[in-house]
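Here is what each chain is made of, one letter per residue.
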Amino acid sequence: MGGREASAAGYKTFSEMANDGRGGFRATIFIYILTSLENMGFIANMVSLFTYFLTVMFFNLAGAANTLTNFMGATFLLSLVGGFVSDTFLSRLNTCLVFGTVELLGLMLMTIQAHSKKLHPAFCGIDKTSCVKGGTAAMLYVSLSLYALGSGGVRGALPALGADQFNQNDPSEAEALSTFFNWVILSATIGASVGVTVIVWVSTEVGWYWGFFIGLVTAFIGFVVLACGRRFYRIQPRGQSPIIRVLQVIVVAFKNRKLTAPEKPDELHEINDKVTDFPESKLVHTDQFRCLDKAAILGKNSAPRPWAVCTVTQVEEVKILTRMLPILFSTIIMNTCLAQLQTFSIRQGNEMDRFLGSFEVPASSVPVIPLVFMSILIPIYEFAFVPFARKITGHPAGITQLQRVGVGLVLSAISMAVAGFVEVMRRNHFLKTPPVKISLFWLSLQYGIFGIADMFTLVGLLEFFYKEAPKGMRSLSTSFTWVSLSFGYFLSSIFVDLINAVTKRIAPSKQGWLHGLDINHNNLNLFYYFLAILSCINFVNYLYWASWYKYKTEELPDIELKPKAFISASPVFKKESTPENHGATSNGLSASADHTENGAQLLKPKAFISASPVFKKESSPENHGATSNGLSASADHTENGDQLLKPSL
């Protein structure tokens, strides 16, 4: 049955589903708009809060840097909360809207505090880490906490919501997934470019409260737009809590630790396709972490029960998450480097010539340079590099996600080395010929290189964690990208304190590399070189884990139909739900039904076959086998007594 006949029979191809308005790039437009508008304020705050803490809240240099990196670390760490909630309790859309409301509340409190002079601290000297105390401190930290919780929660659910709009069982849509992540980063980049220029200028030159207020308004508009796209989204059904599934494997494996795992994987417990309504594909058994296989040992004459035995698929889910952890930890150092570009590099900019003609560029606007690089390079990467690399490698995305991450790690190390060189040049020039300063745009070297690194790594990680994750854990897994950022920011705070403490004891001057407020008399360049060397060591570590990692292998579900060959297939169709319609076939493609939000059934291919149609025949005593076009078949009985014929090649 071809596309025309299928349409006449009530089925819909994926292209027709796009015309219906659900899923695909049409749905992701709303996500791009929110990403752009929300990042205007968020990125502007990332690069300007350091100056706000220094000049308004009267933190010292290390205090301002650590407060910002701790805030950013908490924001990205809290993405785990958003990912967990969207996988377990709320849909991804509703999770974004709930946490978006919390984010708006935090921004509102920050705006009020920035506007009211009564909520500003009095200057208390440069020797103290911070001058905020009492009600002022409470207002500051409550507003930052709400902002971190809301923004982090949104980031935990939004990328997975967008990726859900592309069906991984359809080759054309699966290929579009990489494009989606490229475009979502481009949207964030465009919004951030406006933020670090317009909003940062308003904050530093007009008033901090105006900058926060603009970010509040743009984010509010973005969340309204996201809510307006509700009828266009493919909403994925929620499953069992991913935390519970992981804990079950760990607990049962520990209980069975004294048992001997069978040598043959098929002796382990797995879901029964014919009696389960488990909606996702089975995962193929792997030999790594064999100790976890003991969770899938089912005792003789024992009935499978939760917390008594787990399926192979459930065990493999935990193995996947375990294999992901070294990849996650190998990207933390890069994000520690990123933290320096939002703290100390901003301070460098304040000590440089910031005039562009007669216009004085805010130092916090320097990050627009890598954003412009990324805005230009992402389309070039998508339209030129990917098609070229695809012809060579045969990979749908041109190169694998882990290769893409590796490129970013190399560039981040180069960026830190360049940053150290620029800082030496800036400081020497200032000390030899004061008050003449070098141009602010020397910072474009380190920012530009790191911007390209971020383009490779961030998109690579988002796609890697989404595609490799089990279906019921995709929000939580995608949050690992932000967790890496979080740990990077926290590690930056640790490094700053540790480097200062150690170098204060061993340096002849008895001053730490990053002491005080005046970077003209400290050794920021040595800190940059330290991070560059650490990044090189980390890259070697990453190469080991990336080569060790085994990509996920799925076994397509087999519920009622069991084709015995894998050949090429025709389109997947969607049919309106009816009581009789629990499964359907077209052009020899067996399918099972997932229900969409409007009650329709989405048919998923179970095998790729190019043979004669698979038929469903009314049950009769004479009809225990049938043939069509030379294809022999045997019958399975469905719930209503009909026979479902299976091809036997």
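Residues numbered from 1 in each chain as written. Predicted model: local features only at pLDDT ≥ 70, side-chain atom pairs only at ≥ 80, totals over all residues. Heavy atoms only, no water.

1. A few points about the overall build of the chain
If you tally the helices and strands in the chain, you get 18 helices and twelve strands. Out of the 649 residues in the chain, the part that is buried amounts to 56%. Sequence separation of 24 or more characterises 78% of the internal contacts of the chain that already satisfy a separation of 6 or more. Summed over its atoms, the accessible surface of the chain is roughly 27300 Å², and 65% of this surface lies on carbon and sulfur atoms. (Helix = DSSP H or I, 4+ residues; strand = E, 2+ residues; numbered from the N terminus. Buried < 20%, exposed > 50% of the residue type's maximum accessible area, 1.4 Å probe, protein only. Contact = heavy atoms within 4.5 Å. Areas by Shrake-Rupley, 256 points an atom, 1.4 Å probe, with all protein chains shown as cover.)

2. What to know about a nonpolar patch on the surface
A grouping of Trp-201, Val-206, Trp-210, Phe-213, Val-217, Phe-220, Ile-221, Val-224, Leu-356, Phe-359 and Phe-441 is seen on the molecular surface, where their side chains present a nonpolar patch of about 1000 Å² in accessible area. Broken down by secondary-structure element, the contributors of at least two residues to the nonpolar patch are α8 (171-206) and α9 (208-228). When residues in the nonpolar patch are grouped by element, the largest group, six residues, is from α9. Within the secondary structure, Val-224 is located in helix α9. For Val-224, a relative accessible area of 38% translates into the label partly exposed. (Patch = residues over 30% accessible without salt bridge, like charges linked within 9 Å, V, L, I, M, F, W, Y side chains within 5 Å. Salt bridge = Lys/Arg side-chain N within 4 Å of Asp/Glu carboxyl O.)

3. Side note on the packing of aromatic side chains
Across all of its chains, the model carries 34 aromatic pairs by this definition. Residues Phe-30 and Phe-232 carry aromatic rings whose centres are separated by 5.3 Å and whose planes lie at 20° to one another, so their mutual orientation is stacked. Separated by 202 residues along the polypeptide, Phe-30 in helix α3 (residues 24-55) and Phe-232 in the loop between α9 and α10 (242-255) bring together distant segments of the chain. The exposure class of Phe-232 is buried, given its relative accessible area of 9%. Ring geometry for Trp-210 versus Phe-213: centroids 6.0 Å apart, planes at 85°, classification edge-to-face. Within this pair, Trp-210 and its partner Phe-213 are both found in helix α9, separated by three residues, close to a single helical turn. (Phe/Tyr/Trp six-rings, centres within 6.5 Å; stacked < 30°, edge-to-face > 60°.)

4. Observations regarding empty space enclosed by the protein
Evaluation of the coordinates by the stated rule reveals eight cavities of 30 Å³ or more. Contributing to the lining of the largest cavity are 35 residues, with Asn-39, Ile-43, Ala-188, Asp-454 and Leu-458 lying nearest its centre. For the lining of the largest cavity, the secondary-structure elements that each account for two or more residues are α3, α7 (134-163), α8, α12 (332-341), α14 (368-393), α16 (444-468) and α17 (474-506). No other element matches α3, which puts nine residues into the lining of the largest cavity. A breakdown of the residues in the lining of the largest cavity according to their chemical character gives 27 nonpolar, five polar and three charged. (1 Å grid on protein atoms, 1.4 Å probe; cavity = no way out; pocket = protein on both sides within 12 Å on 5 of 7 lines; lining within 4 Å. Points joined across faces, edges and corners; volume = space filled by probe spheres on them. Nonpolar A, V, L, I, M, F, W, Y, C, P; charged D, E, K, R; others polar.)

5. So, the state of the cysteines
Across all of its chains, the model carries one disulfide by this definition. Note that Cys-124 is cross-linked by a disulfide to Cys-131, the S-S spacing being 2.0 Å. On the sign convention where negative is left-handed, the bridge of Cys-124 and Cys-131, at about -90° about the S-S bond, is left-handed. With relative accessibility at 31%, the residue Cys-124 sits in the partly exposed group. Of the residues examined, Cys-131 reaches a relative accessible area of 5% and is grouped as buried. (Disulfide = S-S within 2.5 Å.)

6. Observations regarding the nonpolar core
Among the nonpolar cores identified, the biggest contains 151 residues, and Tyr-52, Phe-53, Phe-181, Leu-226, Met-324, Phe-344 and Phe-527 are the most heavily contacted of them. The leading source of residues in this core is α3, at 17 residues. When residues no more than four places from it in sequence are discounted, the contact partners of Phe-527 are Gln-340, Phe-344, Phe-495, Val-496, Ile-499, Trp-513 and Leu-514. (Core = buried A, V, L, I, M, F, W, Y, C linked by side-chain atoms within 4.5 Å.)

7. What about the pattern of salt bridges?
Counted according to the given criterion, the structure contains eleven salt bridges. Linking Asp-293 and Lys-319 is a salt bridge whose minimum nitrogen-to-oxygen distance equals 2.9 Å. One end of the pair, Asp-293, is in the loop between β2 (282-283) and α11 (312-330); the other, Lys-319, is in helix α11, and 26 residues separate them in sequence. Residue Asp-293 shares its accessibility class with Lys-319, and that shared class is buried. Across the pair Glu-316 and Lys-319 runs a salt bridge, and its minimum N-O distance is 3.1 Å. Placement of both Glu-316 and Lys-319 in helix α11 is noted, with a separation of three residues, approximately one turn of the helix. Assessed through its relative accessible area of 0%, Lys-319 is described here as buried.

8. A look at the packing of α14 against α16
To describe two helices that pack against each other, one gives the angle between their axes and the distance between the axes. Closest axis-to-axis distance for the α14/α16 pair is 8 Å, and the angle between their directions is 40°. In terms of orientation, α14 lies oblique with respect to α16. Crossing of α14 over α16 shows right-handed handedness. Residue-level contacts link Ile-369, Pro-370, Phe-373, Met-374, Leu-377, Ile-378 and Tyr-381 of α14 to Ser-444, Tyr-447, Gly-448, Gly-451, Ile-452, Met-455 and Phe-456 of α16. Across the contact of α14 with α16, the residue classes break down as eleven nonpolar, three polar and no charged. (Axes fitted to C-alpha atoms, helices over the stretch in contact; angles between N-to-C directions. Parallel < 35°, antiparallel > 145°, perpendicular 65-115°, else oblique. Left-handed = near helix turned anticlockwise from the far one by under 90°.)

9. Remarks on helix α4 (residues 61-77)
In this model, α4 (17 residues) spans 24 Å end to end at C-alpha, consistent with the 24 Å of a helix rising 1.5 Å per residue. Burial analysis of α4 places 14 of its 17 residues in the buried class, which makes it a mostly covered element. One side-chain oxygen at the N-terminal end of α4 lies 2.7 Å from the backbone nitrogen of Gly-63; it belongs to Asn-60. (Expected span 1.5 Å × (residues − 1). Polar contact = N/O pair within 3.5 Å; in protein donor to acceptor, adjacent residues only side chain to side chain.)

10. Describing the side chain of Asp-164
Of note, Asp-164 is situated in the loop between α7 and α8. If we skip the residues at most four places from it in the chain, Asp-164 touches Arg-92, Arg-234, Gln-236 and Tyr-466.

11. Some words on the environment of Ala-419
Its location among the elements puts Ala-419 in helix α15 (residues 401-432). Setting aside its immediate chain neighbours within four residues, Ala-419 contacts Gln-348, Gln-446 and Tyr-528.

12. A few points about the confidence of the model for the chain
Segments scoring low in pLDDT should not have their predicted coordinates read at a detailed level. Taken residue by residue, the chain gives an average pLDDT of 77. The fraction at 70 or more is 79%. Confidence drops under a pLDDT of 50 for residues 1-19, and excluding neighbours within four residues, the segment shows 44 contacts in the predicted structure. Scored below 50 in pLDDT, residues 556-649 shows 213 contacts in the model against residues more than four places distant or in partner chains. (pLDDT = per-residue confidence, 0-100.)

13. Here's the deal with unusual backbone geometry
Its identity is not glycine, yet Phe-58 carries a phi of approximately 55°, on the positive side. When you line up the elements, Phe-58 lands in the loop between α3 and α4. Using a relative accessible area of 23% as the deciding quantity, one classes Phe-58 as partly exposed. One non-glycine residue, Phe-289, lies in positive phi territory at about 55°. Summarising the element assignment, Phe-289 is placed in the loop between β2 and α11.

14. Observations concerning the side chain of Asn-182
Topologically, Asn-182 is positioned in helix α8. Among all residues touching Asn-182, those that are not within four sequence positions of it are Ile-378, Tyr-381, Glu-382, Arg-404 and Val-459.

15. Quick word on the packing of α11 against α16
Across the interface, α11 lies against α16 with an axial gap of 11 Å and an inter-helix angle of 170°. As the angle between them shows, α11 and α16 are arranged roughly antiparallel. Facing Ile-320, Met-324, Ile-327 and Leu-328 of α11, the residues of α16 in contact are Leu-461, Phe-464, Phe-465 and Glu-468. By residue class, the composition of the contact of α11 with α16 is seven nonpolar, no polar and one charged.

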